[in-house]
Protein chains: 2
Amino acid sequence: MKIAVMGGAGYIGSHTIIELYKAGHSVVVVDNLVNSSDESLRRVAELVGSPIPFVKADVRDAAAMDKIFSENKFDACIHFAGLKAVGESVAKPLEYYENNMNATFVLLHAMRNHGCKNLIFSSSATVYGNPAQIPITEACPKGQCTNPYGQTKSMLEEVLRDVQKADPEWNIVLLRYFNPIGAHPSGRIGEDPNGIPNNLMPYITQTAVGLRKELGVFGNDYDTPDGTGVRDYIHVCDLASGHVSALKAIERKCGLAIYNLGTGHGYSVLDVVKAFEKVNNVKIPYSIKPRRAGDIATCYCNPQKAFDELGWKAQYGIEEMCRDAWNWQKNNPKGYKG
Amino acid sequence: MKIAVMGGAGYIGSHTIIELYKAGHSVVVVDNLVNSSDESLRRVAELVGSPIPFVKADVRDAAAMDKIFSENKFDACIHFAGLKAVGESVAKPLEYYENNMNATFVLLHAMRNHGCKNLIFSSSATVYGNPAQIPITEACPKGQCTNPYGQTKSMLEEVLRDVQKADPEWNIVLLRYFNPIGAHPSGRIGEDPNGIPNNLMPYITQTAVGLRKELGVFGNDYDTPDGTGVRDYIHVCDLASGHVSALKAIERKCGLAIYNLGTGHGYSVLDVVKAFEKVNNVKIPYSIKPRRAGDIATCYCNPQKAFDELGWKAQYGIEEMCRDAWNWQKNNPKGYKG
C-alpha cells in the first residue's frame with residue numbers, strides 16, 4: 001500500500017516508517033518539523049536503504065494537503081501529527097485545541113475530496129481518564145481527561161466516530177497508545193524531546209547521560225505496590241508494528257475500529273528505574289517529588305483484541321525497552337542535534 | 001459597552017441586538033449570512049431607530065477577524081455564530097465540527113491578540129444529554145450528546161473552560177439555552193429557518209400559515225403526562241435579555257460562569273399545540289410519528305442561578321410565545337424572503 005504519514009518525522013512516526021518499509025509498503029511523509037527533525041528521516045532512509053519521500057508542510061495548510069493528495073494516490077493515511085506535551089497543553093490550551101483539531105479537520109477534508117477514506121489515528125490511553133477497570137479493554141468507557149492534550153485525543157475520537165457513521169465508506173482505526181519508550185535497536189533513531197522531558201524514559205536517559213542531575217519521581221503514595229505510578233510501557237518498535245497490523249483492519253473494511261496498543265504489563269516508576277540500572281549497569285539518582293495534578297495511580301491494558309483481530313502482540317519486554325532507550329541516548333547524547 | 005456580536009443576523013442574535021440597544025450598549029455585527037439574512041438587521045435598525053454596524057464575514061476568516069478587532073475597541077463579544085441544525089449535523093459531521101470549532105478558535109485568537117477577553121458563548125441544554133436530574137441546575141453533570149451539533153457545544157464549553165483556566169484574565173459566560181421560540185412583539189423579526197424546520201414552533205407556524213400540511217409529533221409514548229416530549233420553551237426576547245444580564249457577570253469579572261436560560265416550566269408538544277390554537281384561534285392538524293433518534297422525554301431547567309446572580313428572569317409565558325410566533329409568521333409568511 002501507499003501510505004500518507006502525517007507527522008512522520010516524529011518519534012513514533014519515524015519508527016513506524018521502518019516497519020511499513022519492512023512490510024513492503026511505500027510512504028510519503030508530511031511534517032512541519034515544529035517538534036521533530038528531518039535528520040530522523042535521513043537516518044530512516046539509511047536504515048531501510050531507500051530515500052523517504054518527504055513534504056515539509058503543516059497539516060493545517062489546506063492548499064498543501066490538497067496538493068499532496070492530488071499528486072499521490074494513497075491507499076491509507078496514518079495521522080501522527082499533533083502537539084503532545086501534557087504540561088504545555090495546560091498552559092496553552094487554545095494552541096493545542098486549534099492545532100490538533102484543525103489539522104484533523106483539514107486532513108479529513110483533503111482525504112474525502114481525493115477519495116482516500118482509510119485512516120489510522122493516533123489516540124491515547126489518556127482517553128480512559130481514571131479508568132473504570134484494570135486491565136483496560138476497549139469496551140471500558142472513556143473518562144474525564146484532565147488536560148487539553150488528552151481532550152483533543154478524546155474529542156477527535158468523537159469527530160472520527162461521527163464522520164464514519166455519516167459515511168460508512170470510511171474505515172478508521174483508533175489506536176490507543178499506552179506508554180511508548182525505547183528506540184530502534186540500531187541506536188540511530190529514538191525519542192528526542194524539546195526541553196525538559198515530560199515523560200519518564202527520556203528523563204531517565206538524560207539523567208544517565210548527565211544532562212539532568214536527578215530523576216524526579218512524582219508521588220510515592222499511590223495505591224500501587226511500591227507507591228509510584230504504574231504504566232503499560234511498550235517498546236516503540238512494537239507500537240510501530242501495530243500500525244502495520246492495523247492496515248489489516250483497513251483492508252477488511254473495519255468501519256470504525258478501536259485497539260489498545262500496550263503490552264498488558266504494568267511497571268511502576270521504580271520498576272523501570274531498577275530495570276534500567278540493571279540492564280545498562282548505570283545508576284539513576286532520583287528524588288521523590290509531590291504528585292502531579294492529573295496523574296493517576298495505575299494504567300495498563302488488556303491487549304487481547306489487537307491480537308485476536310490483527311494478530312498483533314508486543315514482542316519486547318522491559319529489558320529491551322531500557323537497553324534500546326539507553327543505546328539511543330548514549331550514542332546521541334543531544335538527540336538529533338548532537 | 002461596545003459589543004462584537006458574531007452571528008448577529010440570526011434568530012437569537014437579532015433579538016439580542018434590540019435588547020443591547022435598549023440597555024444603552026453599542027454593537028458591531030459580524031455574520032456570513034449563510035444561514036441568515038441582512039434583512040433582519042435592516043428591520044432591527046428600524047426598531048431601534050439607529051443603523052446597525054455590520055461586517056459580512058465568516059468568523060473562520062482570521063484576517064477579517066483581526067481587522068474587525070483592530071478597528072474597534074470592544075468591551076466584550078457575544079458569539080452566536082455556528083451551524084445549528086441537529087439533523088443536518090448527523091449527515092455532515094465534519095462540516096459542523098470544522099465550522100463551529102474553528103470559528104471559535106479563530107475568534108479566541110483574535111480576541112486575545114487585541115486584548116478583548118470577555119466572551120458570552122451560546123451553549124445549549126443539549127450539553128446535559130439525557131439529564132441526570134429534572135429540573136436541571138448548572139451543577140448537573142454534562143451528558144452524552146447524541147449528535148455532532150450538540151457535541152460542538154459541549155466540546156467548545158471544555159475548550160473555553162481550559163482557556164479561562166490557563167489565563168484568568170478571561171471572563172467567559174456559558175449560556176445554556178433551553179428552547180427559544182416566539183418573536184419580537186412587533187412582528188418585524190423572528191425565526192426564519194431554511195428548508196423544513198427542525199424545531200417545533202416554526203413547524204407549527206408554517207402549518208398554520210399553510211406551508212406545511214400537518215405537524216409531525218415524534219413519539220407519544222414517552223414517560224410524560226401526555227406521552228409527548230416536554231421542553232422548557234422560552235420567549236426569544238427573554239433569552240435575548242439574558243445576554244444583557246450576562247454582561248453583569250463580565251463586569252464583576254466572573255472568570256468562568258455558567259447559566260441556564262429557561263423559564264423553569266415544562267410544556268409538552270401537545271401543550272404547545274393547544275396553547276397555540278387557543279391563543280391564535282387557529283387549528284393545527286397533527287399526526288403522531290415514530291420517535292426521533294436522540295430525543296429525550298423531558299428537559300426543563302431550574303433558572304434560579306441566573307436570577308440570583310444576574311437578576312434575570314423570563315417575563316413571558318407560553319401564551320405570549322405562541323402569540324408572537326404567529327404574529328411574525330402571518331405577517332411574514334415566507335420569512336425575510338417574503
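Rules used in this analysis
- Residues numbered from 1 in each chain as written.
- Chains lettered and ligands numbered in written order.
- Predicted model: local features only at pLDDT ≥ 70, side-chain atom pairs only at ≥ 80, totals over all residues.
- Heavy atoms only, no water.
- UniProt positions renumbered as here; feature names shortened; annotations may be inferred.
- Helix = DSSP H or I, 4+ residues; strand = E, 2+ residues; numbered from the N terminus.
- Buried < 20%, exposed > 50% of the residue type's maximum accessible area, 1.4 Å probe, protein only.
- Contact = heavy atoms within 4.5 Å.
- Buried area = accessible area lost by both parts, 1.4 Å probe.
- Salt bridge = Lys/Arg side-chain N within 4 Å of Asp/Glu carboxyl O.
- Polar contact = N/O pair within 3.5 Å; in protein donor to acceptor, adjacent residues only side chain to side chain.
- Phe/Tyr/Trp six-rings, centres within 6.5 Å; stacked < 30°, edge-to-face > 60°.
- Lys NZ or Arg CZ within 6 Å of the ring centre and 35° of its normal.
- Least-squares fit on C-alpha atoms with pLDDT ≥ 70 in both.
- Lys, Arg positive; Asp, Glu negative; His and termini not counted.
- Axes fitted to C-alpha atoms, helices over the stretch in contact; angles between N-to-C directions.
- Parallel < 35°, antiparallel > 145°, perpendicular 65-115°, else oblique.
- Left-handed = near helix turned anticlockwise from the far one by under 90°.
- Nonpolar A, V, L, I, M, F, W, Y, C, P; charged D, E, K, R; others polar.
- Pairing = 2+ DSSP bridges.
- Disulfide = S-S within 2.5 Å.
- Expected span 1.5 Å × (residues − 1).

The name that an unreviewed UniProt entry assigns to chain A is UDP-glucose 4-epimerase, with the source organism given as Fibrobacter succinogenes. The UniProt entry for chain A carries the following text under Sequence similarities (unreviewed entry): "Belongs to the NAD(P)-dependent epimerase/dehydratase family."

S.K.: Quick question: what am I supposed to make of the overall build of chain A here?
M.R.: Counting secondary structure elements, chain A contains 11 helices and 14 strands. With the C-alpha coordinates aligned to their principal axes, the bounding extent of chain A is approximately 55 × 45 × 40 Å. Burial statistics for chain A: of 338 residues in total, 59% are counted as buried.

S.K.: Even after reading the chapter, I still don't get the interface of chain B and chain A, so can you show me in this structure?
M.R.: When the parts of a complex come together, some accessible area is lost, and that lost area is often taken as the interface size. The interface is formed by 22 residues belonging to chain B together with 22 residues belonging to chain A. The contact between chain B and chain A buries some 1,900 Å² in all, and 69% of this surface belongs to carbon and sulfur atoms. On the chain B side of the contact with chain A, L94, F105 and D162 of chain B bury the most area, a combined 28% of that side's loss. Scanning the region where chain B abuts chain A turns up 2 salt bridges. When the shortest N-O distance is used, the salt bridge between R112 of chain A and E95 of chain B registers 2.5 Å. The tally of links from chain B across to chain A stands at 7 residue pairs in polar contact (both at pLDDT 80 or more). Of all the elements in the fold, those that place two or more residues in the side of chain B that touches chain A are helix 4 (86–91), helix 5 (93–113) and helix 6 (148–166) of chain B.

S.K.: I would appreciate a short explanation of the packing of aromatic side chains in the present structure.
M.R.: Residues and elements named next belong to chain A. The final tally for this structure, using the stated rule, is 8 aromatic pairs over all chains. Centre to centre, the rings of F276 and W326 are 5.9 Å apart; their planes meet at 70°, and the pair counts as edge-to-face. With F276 in helix 9 (residues 269–280) and W326 in helix 11 (residues 318–331), this residue pair connects regions lying 50 residues apart in the sequence. Like W326, F276 is buried. Sitting over the face of the ring of Y203, R212 holds its NZ or CZ atom 6.0 Å from the ring centroid. The positively charged end of K305 is found above the aromatic ring belonging to Y259, 4.8 Å away from the centroid.

S.K.: Explain the relation of the copies chain B and chain A here, please?
M.R.: Mapping one chain copy onto the other needs a rotation about an axis and a shift along that axis. At an RMSD of 0.0 Å, chain B and chain A line up after a rotation of 180° and a shift of 0.0 Å along the axis. Taken together, the turn and the small shift mark the pair as related by a two-fold rotation axis. Both copies share a contact surface, since 100% of the interface residues of chain B are interface residues in chain A too.

S.K.: Which parts of the structure should I look at to understand the side chain of D31 of chain A?
M.R.: Residues and elements named next belong to chain A. Tracing the backbone through its elements, the reader meets D31 in strand 2 (residues 26–31). Buried and unpaired, D31 has no salt bridge, with K56 as the nearest side chain of opposite charge at 8.8 Å. At 3.4 Å, the side chain of D31 forms a polar contact with the backbone nitrogen of G8. In contact with D31, other than residues within four places in its own chain, are G7, G8, A9, G10, S36, F54, V55, K56 and A57.

S.K.: Looking at this model, I keep getting lost on the packing of helix 7 (residues 200–208) of chain B against helix 11 (residues 318–331) of chain B. Mind explaining?
M.R.: Residues and elements named next belong to chain B. Viewed as axis vectors pointing N to C, helix 7 and helix 11 meet at an angle of 55°, and their least axial separation amounts to 10 Å. Accordingly, the angle class assigned to the pair helix 7 and helix 11 is oblique. As helix 7 packs across helix 11, the resulting crossing turns out to be right-handed. For the pair helix 7 and helix 11, the contacting residues are M201, P202, T205, Q206 and A208 in the first and C322, A325, W326 and Q329 in the second. In terms of residue class, the contact of helix 7 with helix 11 is built from 6 nonpolar, 3 polar and no charged.

S.K.: Can you walk me through the sheet that holds strand 12 (residues 267–268) of chain A in this structure?
M.R.: To summarise the sheet geometry, strands pair through backbone hydrogen bonds and adopt either a parallel or an antiparallel arrangement. Residues and elements named next belong to chain A. Strand order across the open sheet formed by 3 strands is 12-9-14, with mixed pairing between neighbours. In this open sheet, the two edge strands, each paired with only one partner strand, are strand 12 and strand 14 (298–299). When strand 9 (residues 230–231) meets strand 12, the two strands line up antiparallel, connected through 2 bridges. The residue bridging R231 from the neighbouring strand is Y267, located in strand 12.

S.K.: I'm lost on the UniProt feature "domain: NAD(P)-binding" (unreviewed entry) in chain A in this one. Help?
M.R.: Under the feature "domain: NAD(P)-binding" (unreviewed entry), the UniProt entry names residues 5–324 of chain A. Split by type, residues 5–324 of chain A is 40% helix and 17% strand. Its first and last C-alpha atoms lie 24 Å apart.

S.K.: How should I be thinking about the state of the cysteines in this particular structure?
M.R.: Covalent bonding between the sulfur atoms of two cysteines defines a disulfide. Under the defined criterion, the tally for this structure stands at 0 disulfides over all chains. Of all cysteine sulfurs in the structure, the one in C301 of chain A sits closest to C299 of chain A, which takes part in no disulfide; the separation is 8.2 Å. By relative accessible area, C299 of chain A is classed as buried at 6%. C299 of chain B provides the cysteine sulfur closest to C140 of chain B, a residue in no disulfide bond, and the two sulfurs are 9.4 Å apart.

S.K.: Please explain the environment of G13 of chain B as it appears in this structure.
M.R.: Residues and elements named next belong to chain B. Position of G13 among the secondary structure elements: in helix 1 (residues 11–22). Through-space distance from the C-alpha of G13 to that of A240 is 7.7 Å; in sequence the pair is 227 residues apart. G13 has contacts with G7, G8 and F80, leaving out every residue within four places of it along the chain.

S.K.: What exactly am I supposed to notice about the pattern of salt bridges here?
M.R.: For side chains of opposite charge, pairing can occur when their charged atoms come near one another. For the coordinates displayed, the defined rule picks out 41 salt bridges over all chains. Residue K117 of chain B pairs with D167 of chain B through a salt bridge whose shortest N-O separation is 2.7 Å. A residue pair is termed long-range when its members are at least 10 positions apart, and K117 of chain B in the loop between helix 5 and strand 5 (118–124) and D167 of chain B in the loop between helix 6 and strand 6 (171–177) qualify at 50 residues. E158 of chain B is the partner of K142 of chain B in a salt bridge, and the nearest nitrogen-oxygen pair spans 2.7 Å. Of this pair, K142 of chain B sits in the loop between strand 5 and helix 6 while E158 of chain B is found in helix 6, placing the two residues 16 residues apart along the sequence. Assessed through its relative accessible area of 26%, K142 of chain B is described here as partly exposed. Residues participating in the shared-partner salt-bridge network are K142, E157, E158, R161 and R176 of chain A.

S.K.: Explain the pairing of strand 4 (residues 76–79) of chain A here, please?
M.R.: For a regular strand, side-chain orientation follows a simple rule: the groups alternate between the two sheet faces. All names here are of chain A. Where burial is concerned, the two faces of strand 4 agree: the one with A76 and I78 and the one with C77 and H79 are both buried. Both strand 4 and strand 5 (residues 118–124) contribute to a ladder of 3 bridges, which runs parallel. In the strand pairing of strand 5, H79 is matched with F121.

S.K.: Where do I start with helix 5 (residues 93–113) of chain A in this structure?
M.R.: An α-helical turn contains 3.6 residues, so a residue and the one three or four places further along point in the same direction. All names here are of chain A. Taking 1.5 Å as the rise per residue, helix 5 with 21 residues should run 30 Å; its terminal C-alpha atoms sit 30 Å apart, in good agreement. Taking burial as the measure, the 21 residues of helix 5 include 17 buried ones, the bulk of the element. G115, located one to two residues past helix 5, shows a positive phi value of around 70°.

S.K.: What is the right way to look at unusual backbone geometry in this model?
M.R.: Comment: phi is negative for the bulk of residues other than glycine, and the bulk of peptide bonds are trans. Looking along the chain, the bond that leaves I134 of chain A and enters P135 of chain A is cis, with omega of -5°. Looking at the element boundaries, P135 of chain A is found in the loop between strand 5 and helix 6 (148–166). One non-glycine residue, L33 of chain B, adopts positive backbone phi at about 60°. Among the structural elements, L33 of chain B can be located in the loop between strand 2 (26–31) and helix 2 (39–48). In this structure L33 of chain B comes out as buried when scored by relative accessible area, which is 18%. Positioned with a positive phi, N281 of chain B is a non-glycine residue whose angle comes to about 55°. When you line up the elements, N281 of chain B lands in the loop between helix 9 (269–280) and strand 13 (286–289). Here N281 of chain B falls in the exposed class, since its relative accessible area comes to 71%.

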